[in-house]
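Listed below, chain by chain, are the residues.
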Amino acid sequence: GAGVSQSPSNKVTEKGKDVELRCDPISGHTALYWYRQSLGQGLEFLIYFQGNSAPDKSGLPSDRFSAERTGGSVSTLTIQRTQQEDSAVYLCASSFLGEKLFFGSGTQLSVL
Amino acid sequence: AQTVTQSQPEMSVQEAETVTLSCTYDTSESDYYLFWYKQPPSRQMILVIRQEAYKQQNATENRFSVNFQKAAKSFSLKISDSQLGDAAMYFCASTEVASGGYNKLIFGAGTRLAVHP
């Protein structure tokens, strides 16, 4: 596809379960970002991948959060033992030149 | 840490009128970029306009323009001839050079714009 693709669009899970969120960036984009948008809030930076370099994980809120990017393309954000405060929209973005980000439509995560 | 402040949680405008959304930022960078993103109910963030800090001239994209005041660290968005399709959340963002040397976007909390017919 031409844009950033995220799946699933919506995810409802029970507290304590693990979830995986997927992001497929624009082909050729070397940089990939994950952001979290809680209700009524701005976007909170989570993690950044650039090519084969070590990711910047400085925004991950706890060790329950992890992410990987395979082959420099698709990325998966994993949240273990989900808590109700994890409920948010998780947005993925990719870029080529660094300052212009293209976003996906996000995954709405609801933890019951 | 760099911050971006949007002091207007909600704004409204009549169709065909003009509205200005405010944004201030705090950065120690000498060179940076500023952005306005629109987020409709579909959730996808759409880039509205981009300003390079070293450029004096205010950026313009059709009905959208900015008033960039570098010394005051202010970056407001003006929407002229507002249309119903402009109703959305609007986020102001600035770049911050992260420890890894890459550009990270820092976002404000957003302004919800309602457009009334």
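Heads up: the structure comes first, above all this text.
Notes on the structure in this doc start here. (Residues numbered from 1 in each chain as written. Chains lettered and ligands numbered in written order. Predicted model: local features only at pLDDT ≥ 70, side-chain atom pairs only at ≥ 80, totals over all residues. Heavy atoms only, no water.)

## Description of the overall build of chain B
Selection rule: Only DSSP runs of H or I with at least four residues qualify as helices, and only runs of E with at least two residues qualify as strands; both kinds are numbered from the N terminus onward. The size measure is the radius of gyration over C-alpha atoms, and the globule rule it meets is 2.2 Å times the number of residues to the 0.38 power. Three exposure classes are used, based on accessible area relative to the maximum for each residue type with a 1.4 Å probe and protein chains only: buried under 20%, partly exposed in between, and exposed over 50%. Contacts are assigned to residue pairs that have any heavy atoms within 4.5 Å of one another.
The helix and strand tally for chain B stands at zero helices and twelve strands. Ordered by position in the sequence, the α and β elements of chain B form the string β-β-β-β-β-β-β-β-β-β-β-β. The C-alpha radius of gyration of chain B comes to 14 Å, within 12% of the 13 Å expected for a compact globule of 117 residues. Across its three principal directions, the C-alpha atoms of chain B cover 45 × 30 × 20 Å. Counting over 117 residues, chain B shows a buried share of 50%. Contacts spanning at least 24 positions in sequence make up 53% of the contacts within chain B whose residues lie at least 6 apart.

## Some remarks on the sheet that holds strand β3 (residues 19-24) of chain A
Residue and element names in this part refer to chain A. Selection rule: One requirement defines pairing of two strands: DSSP has to find at least two bridges between them. Each axis is a line fitted through C-alpha atoms, and for a helix only the stretch in contact is used; angles between axes span 0 to 180 degrees, taken between their N-to-C directions.
Strand order in the open sheet formed by four strands is β1-β3-β7-β6, with antiparallel pairing between adjacent strands. Each of the sheet's edge strands pairs with one partner strand only, and the pair in question is β1 (5-7) and β6 (65-69). Looking at each pair of strands side by side, their axes are set apart by 15° on average, direction ignored. In this sheet, β3 lies alongside β1 in antiparallel orientation, the contact comprising three bridges. Residue pairing across strands places serine 7 opposite arginine 22, the latter belonging to β3.

## Description of the state of the cysteines
Two cysteines whose sulfur atoms are joined by a covalent bond form what is called a disulfide. All names here are of chain A. Note the cut-off: Here, a disulfide means two cysteine sulfur atoms that sit within 2.5 Å of each other.
Scanning the entire structure with this criterion turns up two disulfides over all chains. The disulfide that involves cysteine 23 links it to cysteine 92, with 1.8 Å between the sulfurs. Classification of the bridge connecting cysteine 23 and cysteine 92 rests on its S-S torsion, roughly -65°, and on that basis the disulfide is left-handed. Taken together, the residues span a long stretch of sequence, with cysteine 23 in strand β3 and cysteine 92 in strand β8 (residues 88-95) at a distance of 69 residues. Summarising the burial analysis for this pair, cysteine 23 and cysteine 92 share the class buried.

## Some words on the packing of aromatic side chains
This is how it is decided: Centres within 6.5 Å are what make two rings of Phe, Tyr or Trp a pair, Trp counting through its six-membered ring; a difference in plane orientation under 30 degrees is then read as stacked, over 60 as edge-to-face, and the rest as tilted. Charges are assigned to positions over rings by a cutoff of 6 Å between ring centre and Lys NZ or Arg CZ, combined with an angular limit of 35 degrees from the ring normal.
Here the structure, examined in full by the defined rule, presents 14 aromatic pairs over all chains. Here the aromatic rings of tyrosine 33 of chain A and tyrosine 48 of chain A are separated by 4.8 Å at their centres, their planes lie at 55°, and the arrangement is tilted. Separated by 15 residues along the polypeptide, tyrosine 33 of chain A in strand β4 (residues 31-37) and tyrosine 48 of chain A in strand β5 (residues 43-50) bring together distant segments of the chain. Each of the two residues, tyrosine 33 of chain A as well as tyrosine 48 of chain A, counts as buried. Their ring planes at 50° and their centres at 6.2 Å tell us that tyrosine 35 of chain A and phenylalanine 103 of chain A sit as a pair that is tilted. In this pair, tyrosine 35 of chain A is assigned in strand β4 and phenylalanine 103 of chain A in strand β9 (residues 102-103), connecting sequence segments 68 residues apart. The burial state of tyrosine 35 of chain A is the same as that of phenylalanine 103 of chain A; both residues are buried. Within the aromatic cluster, the residues linked to one another by ring pairs are Tyr33, Tyr35, Phe45, Tyr48 and Phe103 of chain A together with Tyr33, Phe35, Tyr37, Phe91 and Phe107 of chain B. Sitting over the face of the ring of phenylalanine 45 of chain A, lysine 104 of chain B holds its NZ or CZ atom 4.4 Å from the ring centroid.

## Some remarks on the layout of surface pockets
How we decide: In the cavity and pocket records, a cavity denotes points on a 1 Å grid over the protein atoms alone where a 1.4 Å probe fits but cannot get out, a pocket denotes an open set with protein on both sides within 12 Å along at least 5 of 7 lines, and lining residues are residues with an atom within 4 Å of a point. Grid points are joined across faces, edges and corners, and a volume is the space filled by probe spheres set on the points. Gly is put with the polar residues, along with every residue not named as nonpolar or charged; the nonpolar set is Ala, Val, Leu, Ile, Met, Phe, Trp, Tyr, Cys and Pro, and the charged set is Asp, Glu, Lys and Arg.
A volume near 440 Å³ is recorded for the largest pocket. Lining the largest pocket are 20 residues; nearest its centre among them are Gln37 and Gly40 of chain A together with Gln39, Met89 and Arg112 of chain B. For the lining of the largest pocket, the secondary structure elements donating two or more residues are β8 of chain A together with β10 (88-97) of chain B. Here the lining of the largest pocket gets three residues from one element, more than from any other, and that element is β10 of chain B. The residue inventory of the lining of the largest pocket, partitioned by class, reads ten nonpolar, seven polar and three charged.

## Thoughts on the interface of chain A and chain B
A common way to report how large an interface is uses the accessible area buried once the components associate. To keep things clear, this is the line we draw: Summed over both partners, buried area is the accessible surface (1.4 Å probe) that two parts give up on being assembled. In protein, a polar contact means a hydrogen-donor-capable atom and an acceptor-capable atom, both N or O and within 3.5 Å, with residues adjacent in sequence counting only if both atoms are side-chain atoms; elsewhere, any N or O pair within 3.5 Å suffices.
Chain A puts 25 residues into the contact, and the matching count from chain B is 20 residues. Interface area for chain A against chain B, summed over the two sides, is near 1700 Å², with a carbon-plus-sulfur share of 52%. Summed over the shared surface of chain A and chain B, the number is eight residue pairs in polar contact (both at pLDDT 80 or more). Here the residues of the side of chain A that touches chain B are counted per class, giving nine nonpolar, 13 polar and three charged.

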